[in-house]
Amino acid sequence: VLPPRLLIDAVFFGLIGYLSWPVVANLLQLDGTHQQMNASFDSFRLVNTYGAFGSVGEARYEAIVSVRYNETQQGEWIELEFPCKPGNVRRRPCFCAPYHYRLDWNIWFLGFKPHQAYLRRRERWLYQL
């Protein structure tokens, strides 16, 4: 005879497994359609999907912020390295918890299409730095 606690755990494990099947089928695209993002698959909303980005593009544009110290002369442009922005592949990834590198995060979004319209509309502050 199983202890009551083990029996309850087994029932909940089975229930979550049963309710998770549509989520797993959606993840693996077993029905031949595209994945549903941010969808609920049962009336109790116990198991759901979450997708911050609905699709991943084939191309990635990377915004590079450069400065020149002397505007009046033909000076060399120097690329700025941000701690948490993708850049040098030999640099280890940053650890930013519990804080958030806001500037790095905003610049990271500039790489998504349509990045030109995004720059003109929302990221005008970047040109004023």
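Calculation notes
- Along each chain, the written sequence defines residue order, and numbers are assigned to residues from 1.
- Per-residue local features of the predicted model are confined to residues with pLDDT of at least 70, and side-chain atom pairs are confined, for both listing and counting, to 80 or more; whole-chain, interface and lining totals are unaffected and use all residues.
- Heavy atoms throughout the structure, all of them, feed into the side-chain values; hydrogens and water do not.
- Each helix is a run of H or I in the DSSP string that is no shorter than four residues. Each strand is a run of E no shorter than two, and both are numbered from the N terminus.
- Only protein chains enter the calculation, and the probe is 1.4 Å; a residue is then buried if its accessible area is under 20% of its type maximum, exposed if over 50%, and partly exposed in between.
- A helix is expected to span 1.5 Å for every residue after the first.
- Bend at a given residue is defined as the angle between two axes, one fitted to the seven residues that end at that position and one fitted to the seven that begin there.
- Any two residues whose heavy atoms approach within 4.5 Å at even a single point are treated as in contact.
- In this description, a disulfide is simply a cysteine sulfur pair whose atoms lie within 2.5 Å.
- What counts as a salt bridge is simple: a side-chain nitrogen of Lys or Arg found within 4 Å of a carboxyl oxygen of Asp or Glu.
- Put simply, a patch holds well-exposed residues, over 30% relative accessible area, that have no salt bridge, with like charges counted together within 9 Å and Val, Leu, Ile, Met, Phe, Trp or Tyr side chains within 5 Å.
- Accessible surface is estimated by sampling points in the Shrake-Rupley manner with a 1.4 Å probe; for residues, cover comes only from the protein chains shown.
- By definition, the arc is the one covered by directions from the helix axis to the C-beta atoms.

**A few points about the overall build of the chain**
Phase 1 of the analysis: When helices and strands are counted, the chain shows three helices and two strands.
Phase 2 of the analysis: Counting from the amino terminus, helix and strand elements in the chain follow one another as α-β-β-α-α.
Phase 3 of the analysis: Residues counted as buried form 19% of the 129 residues belonging to the chain.

**Brief notes about helix H1 (residues 4-28)**
Phase 1 of the analysis: Taking 1.5 Å per residue as the helical rise, H1 with its 25 residues ought to reach 36 Å, and the 35 Å between its terminal C-alpha atoms agrees with that figure.
Phase 2 of the analysis: At Ser20, H1 shows its largest kink, close to 40°, and the proline Pro22 lies no more than four residues downstream.
Phase 3 of the analysis: Two residues or fewer after H1 comes Gln29, characterised by a positive phi angle close to 55°.

**Concerning the side chain of Asn26**
Phase 1 of the analysis: Along the chain, the position of Asn26 falls in helix H1.
Phase 2 of the analysis: Apart from residues lying up to four places away in sequence, Asn26 is in contact with His34, Gln35, Gln36, Phe41 and Thr49.

**Details of the state of the cysteines**
Phase 1 of the analysis: This model, assessed by the stated rule, comprises one disulfide.
Phase 2 of the analysis: Note that Cys84 is cross-linked by a disulfide to Cys94, the S-S spacing being 1.9 Å. Handedness here is read from the sign of the S-S torsion; for Cys84 and Cys94, about 115°, the answer is right-handed. With Cys84 in the loop between strand E2 (78-79) and helix H2 (102-109) and Cys94 in the loop between E2 and H2, this pair connects stretches of sequence that are ten residues apart.

**Examining the pattern of salt bridges**
Phase 1 of the analysis: Within the structure shown, the criterion is met by two salt bridges.
Phase 2 of the analysis: Here Arg5 makes a salt bridge to Asp9, at a shortest N to O gap of 3.2 Å. With Arg5 and Asp9 both in helix H1 and four residues apart, this pair spans about one turn of that helix.

**Topic: a nonpolar patch on the surface**
Phase 1 of the analysis: Taken together, the side chains of Ile8, Phe12, Leu15, Ile16, Phe44 and Leu46 define a hydrophobic patch exposed on the protein surface, amounting to about 620 Å² of accessible area.
Phase 2 of the analysis: Within the fold, Ile8 resides in helix H1.
Phase 3 of the analysis: Taking relative accessible area as the criterion, Ile8 reaches 46% and is therefore assigned partly exposed.

**A short note on H2**
Phase 1 of the analysis: Buried within H2 are the following residues: Asp104, Asn106 and Ile107. An end-on view of H2 places all buried positions within 165° of arc, on one side of the element.

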